[in-house]
Amino acid sequence: MLSVSGVAGMVTQVVGVAAGAPLLVGWMRQVRARLEGRAGPGPAQPWRDLRKQLHKQNITPDGTTVVFAAAPVVLAGTSLVIAAIVPGVTTGSPLDRVGDLFAVVGVLLLGTVALALAGLDTGTAFGGMGASRVVTIAALVEPTILVAGVALSVPAHSSNLGRIVATTAADPGLVASPAAALAFAALAVVVVAETGRLPVDNPATHLELTMVHEAMILEYTGPRLALIEWAAAMRLTVLLTLLVNLFVPWGVAGAGAGPAGLLVGLGAVAFKVAALGTALAAAEVFLAKLRLFRVPELLAGSFLLGLLAATTSYFLTGPAG
Amino acid sequence: MGLFSLIRRVGRVAEPAPPHPAASAGPAALRGSLQLRHVDAGSCNGCEIEIGGCFSPVYDAERYGTRLVASPRHADGLLVTGVVTRNMERALRDTVAATPEPRVVIAVGDCARNQGEFAGGYGVVGAVGDVVDVDAEVAGCPPTPTEIIAVLRQVTGR
Amino acid sequence: MSTAACFAGVLGGVSLSGAAAVAAVPTRVSAAASGLATAAVGVTGLVGGALAVAGDLRPAWVGWLVPLSGASFAADATSGLFLLVIGAVSVVAGLYTVGYAAHGHLGRAPLAVLPVFAGAMLVVPLAAAVTTLLLFWEIMALTSLLLVLAEWRREQVRAAALSYAAMTQLGFVAILLGLVVFAAAAPGHAETFPALRDAAVHLGPGPRAAVFLLTLAGFGSKAGLVPLHVWLPKAHPEAPGPVSALMSAAMVNLGIYGIVRVDFVLLGPGPRWWGLVLLAVGALTAVYSVLQAAVATDLKRLLAYSTSENMGLICVALGTAAVLAAAGRPAVAAVATTAALVHLVGHAAFKTLGFLAAGGVAAVTGQRDLDALGGLARPMPVTTVAFGIAALGAAGLPLGCGFVGEWLLVQALTHAVAAGGTLLALVVPLAVGVVALTTGLGVAAMVKAFGVGFLARPRSEGAQRAGEVPATMIAAMALGAISCGVLAVAPAVLVPVLSRVLPELPTGTAHGPGPALGTLVRLPGVGGSVSPALLAVAVGAGVLLALAAARWGSRRRPAARTAALWTCGGGGLTSRMEYTATSFADPLRRVFDAVLRPDVEHVVIAYAQSPYLLEKVSYRSWVHDTVEVVLYRPVLRAVAAAARGARRAHTGSIHAYLAYGAAGLLVALVVVL
Ligand code: SF4
């Protein structure tokens, strides 16, 4: 079970996500800048920002507890764990059996909860507001993820991500099924909501009253802020990786792949994620942020898609042996 | 897809970047990346319009690594505009105290530099330099985006 | 090898002598006596549970205990599991009572009743005949009612107790009727469980359905299943801390025990619609209760609703198991059954801890309202950590002790989609959605309870005065926290018990393999696995990696400092500027407006001079229990109206009563002849 190839693939994934996530965010900002007629700071800008934040002073606001200090580390730590599990480069990650799709969703929520508690820990109105909003959205997103997860698990007879991706890679016809299309649409909405992109949250807003994610982190400085921004970028990256590899799994290295296979896997996933990121950033130019109380309608719609996907997947797969 | 064809028709709006700044003035840590929080200490709003212009597609200050942020905790630099009025004095001090080191305070506009138009007003405490330490100044009433960006570029060195 | 009756006798002896001791000792030590007696009862229960699981308790009949029928006792591994759970909760709650009651929160009478309550709960799973079961069920109900009334001077307590008394007696009647119908089919009207089991096959479909529905209603009301839950969120919070824990973590389980014992083991396996009914009731309960928990502002009420929610999830798991067993998929049914049992144990652990921590908070601050709490992390660090662990479990997140149960449930549902007909393909995804929504809202409720209640700044004087609870209470919470931790990372500890319980259940492993709960939790026949322990290790490693990454550049970093909160330039933070539980839950309250139907009162008073100058603005909102408002109030009104009508007939005149008597006799004669 603990193969060299698997371990190497997992390490590649973690390093790739850790190093590539800020670049993805930078790239998406650059795409957006170009579409707005600006020149843009270049894709490496988030890395410059991170390096600078790491050289800045750490300020602990009065009256906060250890929760405030621990939340960024937990957020980044859980993101790294997910990066190790999600099949980006290889389907043979040794952690694949340790956490399946539902566990990954749980670990993701763990990070969200840590940050929400930190927002509440400051005691400020905006911290509480951000926490309340992010938790509301997370609660409403949860059904969609699980139902879509069921739709994907049924054909593979397993909810372990490596197995799902490997099944789809072996049987490309599955991607073309209506169930997969519905599940993709449902999960795409989920990814947008979970990573705080438009139209659910505006990552570039300066107006506190409209913030979701940003409102929770208004009190963070320097290294802790760097961890949060790095983790947010990693969450975006792994979720896009998951989305792209669940539905377009080609190029992912199998369980016993050699170094060449892993390299191909890395190249393929980097290309696919960049392409999806470009599409997402381009789509955002055309969108305005939804009112907070319109977001549940969007999520209810995506839940319905997921439900249809799960039901369809049963009728298409038929009763299993 | 009206917007899409508009994007294609307009293309790039940003003007070509002026020549690279000769010497850089800010702390080494802020090379290449400068997050800014804007503080209006009592301005007439003229300077604000010009700062807004800096981040418009035409001047595109973001390409030099600068960005406006929502909280001084996230910021490396404060763009202070206007004379410091009595009501904003404490707020200005608090904002500077809330900004982590290393930081730069940039006084934008004549009001901020030397009370400009409002010198001697009954509600005026003084120029920004009278209240907090100032690291860089931009002259003009209001200064043009080009002038503001030139100072920002000196800090980021890009 | 001893008999179950012998053991029940020991339990009775320990609890009654405990009660006598509490009554006899000086007031000063009565708290300690009661706590230790309850803990002793719990230890006895643990020993009995271990014996029962090992199969070392023989069935026995005690003629003298109950007139006419005698009392019958038996213990199989299923009884053993419930003995272990209730015994463990009793030990922890008993230990806690020592310090809690020393605060003067409990009078002598409730203290004396406490060990008897624990004892009665422990005898219920040992009962092996209808009369015996009903007898101890009623003792349990009455003693718990007395305990709820411990603080009877408060109006809410009396109202809650009244509601509890009414519901528990109605539930009792339902169980009684159901079991009477059941026993009527047994040869010679024998009422022991083995006789009932034999009789089940002779029962026609009509009576069988009636028995199922009646017992489900009766036991379900004890477990807090919607719509019979209304008493639970009133009575559990009004009881003193340790009693809340005993009721919410131990007593509700007996509702599930009743359903498993009567409807699964004795009467089952039933037709598919039973499973669908359980599934529907469970799903309704889970979503409705968690929604109420998410908008609740009373800390203990929130926990009580969460109890109802988790019982709903267990019911969903049992329903799934029944459906799958009926569809001929024993392996996946075993997964669902395991999910129910694992979740039951996990729930008992985190709910005990949660109520003990909440009880400590209520005792120290005199507040249960989250809107008035806050800032407890500094003065009460241990309680805060304890509640955090409980909340993590209740949220069903990885590293918490509720995770494995919910994971197994979702897995069972996932593989149920592929298991049977079209109906399942439509129902099961919806059930997954329900479970997921429950988890999501559960997270929201727990983030609120912990974040608003324990973090941030104090919102009232009571919260400002808070201090840590005494050592015995801390010790009890430590025991609870350790159990939560062990269950969270090593569900394998349950294997010795579950491997004996599952073969006894018709939806368990009697017909096939069950899931393997090793380091890697694996499912039979399908590829699906998770490892809570390794996941915890991975998260730990990730956190260390993140810490190392944050050290980059630390040498050239200016020295860290503390500073006043930025609060967006607002200046000093006062408690009135903080987000409260009400405001935290506001988005959810709005989203689910149609279900929750909050009452809102918004008053704006302007000065006479100008409508724009406001003198006073007030805003209040209440969320009622919608089920109670919609379902119960009309019934109660109708009953009250009927009672008024009946009163008119009672004139007090002896002639009238004589006339009624004569008329009654006449009617009876006409009917009979
Ligand atoms: S410098 Fe001129 S434009 Fe700027 S605030 Fe002062 S008066 Fe207004």
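Thresholds, definitions, all that
Residues numbered from 1 in each chain as written. Chains lettered and ligands numbered in written order. Predicted model: local features only at pLDDT ≥ 70, side-chain atom pairs only at ≥ 80, totals over all residues. Heavy atoms only, no water. Near = heavy atom within 4 Å. Nonpolar A, V, L, I, M, F, W, Y, C, P; charged D, E, K, R; others polar. Contact = heavy atoms within 4.5 Å. Buried area = accessible area lost by both parts, 1.4 Å probe. Salt bridge = Lys/Arg side-chain N within 4 Å of Asp/Glu carboxyl O. Helix = DSSP H or I, 4+ residues; strand = E, 2+ residues; numbered from the N terminus. Pairing = 2+ DSSP bridges. Right-handed = clockwise from strand over helix to strand, strands pointing away. Polar contact = N/O pair within 3.5 Å; in protein donor to acceptor, adjacent residues only side chain to side chain. Buried < 20%, exposed > 50% of the residue type's maximum accessible area, 1.4 Å probe, protein only. pLDDT = per-residue confidence, 0-100. Domains from an automatic or database assignment. Axes fitted to C-alpha atoms, helices over the stretch in contact; angles between N-to-C directions. Phe/Tyr/Trp six-rings, centres within 6.5 Å; stacked < 30°, edge-to-face > 60°. Lys, Arg positive; Asp, Glu negative; His and termini not counted. Patch = residues over 30% accessible without salt bridge, like charges linked within 9 Å, V, L, I, M, F, W, Y side chains within 5 Å. Areas by Shrake-Rupley, 256 points an atom, 1.4 Å probe, with all protein chains shown as cover.

**A closer look at the site of the ligand**
Around the ligand lies a shell formed by Ser43, Cys44, Gly46, Cys47, Gly109, Asp110, Cys111, Phe118, Gly140, Cys141 and Pro142 of chain B. Across the shell around the ligand, the residue classes tally to six nonpolar, four polar and one charged.

**Brief notes about the interface of chain C and chain A**
On the chain A side, the residues contacting the 83 residues of chain C number 81 residues. The largest per-residue losses of area from chain C upon contact with chain A belong to Trp552, Arg561 and Tyr579 of chain C, which jointly make up 8% of the total buried on that side. The interface formed by chain C and chain A contains zero salt bridges. The set of elements that each furnish at least two residues to the side of chain C that touches chain A consists of α15 (403-417), α16 (422-454), β7 (529-530), α20 (532-550), β8 (561-563) and α21 (581-591) of chain C. The dominant element in the side of chain C that touches chain A, judged by the number of residues it contributes, is α16 of chain C, at 18 residues.

**Description of the pairing of strand β1 (residues 34-40) of chain B**
Residue and element names in this part refer to chain B. Relative to strand β2 (residues 66-68), β1 is paired through three bridges, and the arrangement is parallel. Counterpart to Leu36 in the pairing with β2 is Leu68. Read as a crossover between parallel neighbours, the route from β1 over helix α2 (residues 46-54) to β2 is right-handed. As paired elements, β1 and strand β3 (residues 77-81) share five bridges and run parallel to each other. By the bridge assignment for β3, Val39 is matched with Val80.

**Considerations on the interface of chain B and chain C**
Taken together, the contact between chain B and chain C spans 13 residues of the former and eight residues of the latter. Summed over both sides, the interface of chain B with chain C buries roughly 680 Å², with 53% coming from carbon and sulfur. Together, Arg73, Arg90 and Glu101 of chain B form the three largest contributors to the area buried by chain B at its contact with chain C, with a combined 45%. Here chain B is connected to chain C by zero salt bridges. In this structure, the connection of chain B to chain C is made through three residue pairs in polar contact (both at pLDDT 80 or more). Top element by residues in the side of chain B that touches chain C is helix α3 (residues 86-98) of chain B. It accounts for four residues. The residue makeup of the side of chain B that touches chain C, split by class, is five nonpolar, three polar and five charged.

**Observations regarding the environment of Leu596 of chain C**
Residues and elements named next belong to chain C. In this structure, Leu596 sits in helix α22 (residues 593-596). The exposure class of Leu596 is buried, given its relative accessible area of 1%. Once the C-alpha coordinates of Leu596 and Trp622 are considered, the two residues, 26 residues apart in sequence, prove to be 9.7 Å apart. When sequence neighbours within four positions are dropped, the list of residues in contact with Leu596 reads Leu291, Gln292, Val295, Arg589, Val623, His624 and Thr626.

**Focus: the confidence of the model for chain A**
Taken residue by residue, chain A gives an average pLDDT of 87. The fraction at 70 or more is 98%. Here helix α11 (residues 295-317) of chain A stands out as the least confident element of chain A, with mean pLDDT 83; helix α3 (residues 66-85) of chain A is the most confident, with 94.

**Topic: the side chain of Arg261 of chain C**
Among the secondary structure elements, Arg261 of chain C is positioned in helix α10 (residues 241-266). Once residues lying within four places of it in the same chain are set aside, the contact partners of Arg261 of chain C are Asp76, Thr78, Ser79, Phe193 and Leu266 of chain C.

**Here we look at the sheet that holds strand β6 (residues 521-522) of chain C**
Residue and element names in this part refer to chain C. Pairing is antiparallel across the open sheet formed by three strands, whose spatial order is β5-β6-β7. Because the sheet does not close on itself, it has two edges, and the strands there are β5 (516-517) and β7. As paired strands, β5 and β6 are joined by two bridges and run antiparallel to one another. From the neighbouring strand, Leu517 faces β6, where its bridge partner is Val521.

**Observations regarding the domain arrangement of chain C**
Interfaces are often described in size by the accessible area the parts lose on coming together. Residues and elements named next belong to chain C. According to the domain assignment, chain C consists of domain 1 (269-488) and domain 2 (595-673). Contacts between domain 1 and domain 2 engage five residues on the former and seven residues on the latter. Both faces considered, domain 1 and domain 2 share a buried interface measuring about 520 Å² in area, 64% of it formed by carbon and sulfur atoms. Taken together, the connections running from domain 1 to domain 2 amount to zero salt bridges. For the pair domain 1 and domain 2, the number of links is five residue pairs in polar contact (both at pLDDT 80 or more). At four residues, helix α11 (residues 272-295) tops the list of elements feeding residues into the side of domain 1 that touches domain 2. In terms of residue class, the side of domain 1 that touches domain 2 is built from four nonpolar, one polar and no charged.

**Focus on unusual backbone geometry**
Of note, the bond from Glu101 of chain B into Pro102 of chain B is cis; its omega dihedral lies within 30 degrees of zero at -10 degrees. Summarising the element assignment, Pro102 of chain B is placed in the loop between α3 and β5 (104-108). Cis geometry marks the peptide bond from Val226 of chain C to Pro227 of chain C; its omega dihedral reads 10 degrees. Positionally, Pro227 of chain C belongs in the loop between α8 (205-223) and α9 (232-238). Look at Asn45 of chain B: it is not a glycine, yet its phi comes out positive at around 85 degrees. For Asn45 of chain B, the location among the structural elements is in the loop between β1 and α2. Judged by relative accessible area, which is 44%, Asn45 of chain B ranks as partly exposed. Despite not being glycine, Gln115 of chain B has its phi angle at roughly 70 degrees, a positive value. Its location among the elements puts Gln115 of chain B in the loop between α4 (110-114) and β6 (124-126). According to the relative accessible area criterion, Gln115 of chain B is buried, its value standing at 18%.

**Comments concerning the sheet that holds strand β7 (residues 136-138) of chain B**
All names here are of chain B. On the basis of which strands lie adjacent, the open sheet formed by five strands has the order β2-β1-β3-β5-β7 and parallel pairing. Looking at which strands have only one partner, the edges of the open sheet turn out to be β2 and β7. On average, each strand axis in the sheet is inclined to that of its neighbour by 30 degrees, with strand direction left out of account. In the sheet, β5 pairs with β7 via three bridges, with the strands oriented parallel. Considered in β7, the bridge of Ala107 is made with Glu137. On top of the sheet, helix α6 (residues 145-156) reaches β1, β2, β3, β5 and β7; it is set at about 160 degrees to β7, its chief contact.

**What about the confidence of the model for chain C?**
All names here are of chain C. Summarising the model, chain C shows a mean pLDDT of 87, and 97% of its residues fall at 70 or more. The least confident element of chain C is strand β1 (residues 2-3), whose mean pLDDT is 74; the most confident is helix α14 (residues 381-394), at 93. Confidence metrics for the complex model read pTM 0.92 and ipTM 0.93.

**Side note on the pattern of salt bridges**
Scanning the entire structure with this criterion turns up 27 salt bridges over all chains. Residue Glu101 of chain B pairs with Arg103 of chain B through a salt bridge whose shortest N-O separation is 3.6 Å. A network of salt bridges, in which partner residues are shared, links Arg32, Glu36 and Arg38 of chain A together with Asp60, Glu62 and Arg63 of chain B.

**Observations regarding the packing of aromatic side chains**
Tallying each qualifying case throughout the model produces 14 aromatic pairs over all chains. Ring plane angle 0 degrees and centroid distance 4.1 Å describe the contact between Phe68 of chain A and Tyr220 of chain A, whose orientation is recorded as stacked. Highlighted residues: Phe68 of chain A in helix α3 and Tyr220 of chain A in the loop between α8 (213-216) and α9 (222-247), separated in sequence by 152 residues. Classification of Phe68 of chain A as buried rests on a relative accessible area of 1%. Aromatic pair Trp273 of chain C and Trp274 of chain C: ring centres 6.3 Å apart, planes at 80 degrees, arrangement edge-to-face. The partly exposed category is assigned to Trp273 of chain C, whose relative accessible area is 35%.

**Describing the side chain of Arg133 of chain A**
All names here are of chain A. Mapped onto the elements, Arg133 comes out in helix α5 (residues 125-156). No salt bridge is formed by the buried Arg133; its nearest oppositely charged neighbour, Asp201, is found at 7.5 Å. Engagement of the side chain of Arg133 in a polar contact is seen with the backbone oxygen of Met211, the distance being 3.0 Å. For Arg133, the contacting residues outside a window of four places in its chain are Leu209, Thr210, Met211, Val212 and Leu292.

**Let's talk about a nonpolar patch on the surface**
On the surface, a cluster of nonpolar side chains totalling about 460 Å² of accessible area is made up of Phe286 of chain A together with Leu3, Phe4, Leu6, Val10 and Val13 of chain B. Following the sequence through the fold, Leu3 of chain B ends up in helix α1 (residues 2-10). Classification of Leu3 of chain B as partly exposed rests on a relative accessible area of 38%.

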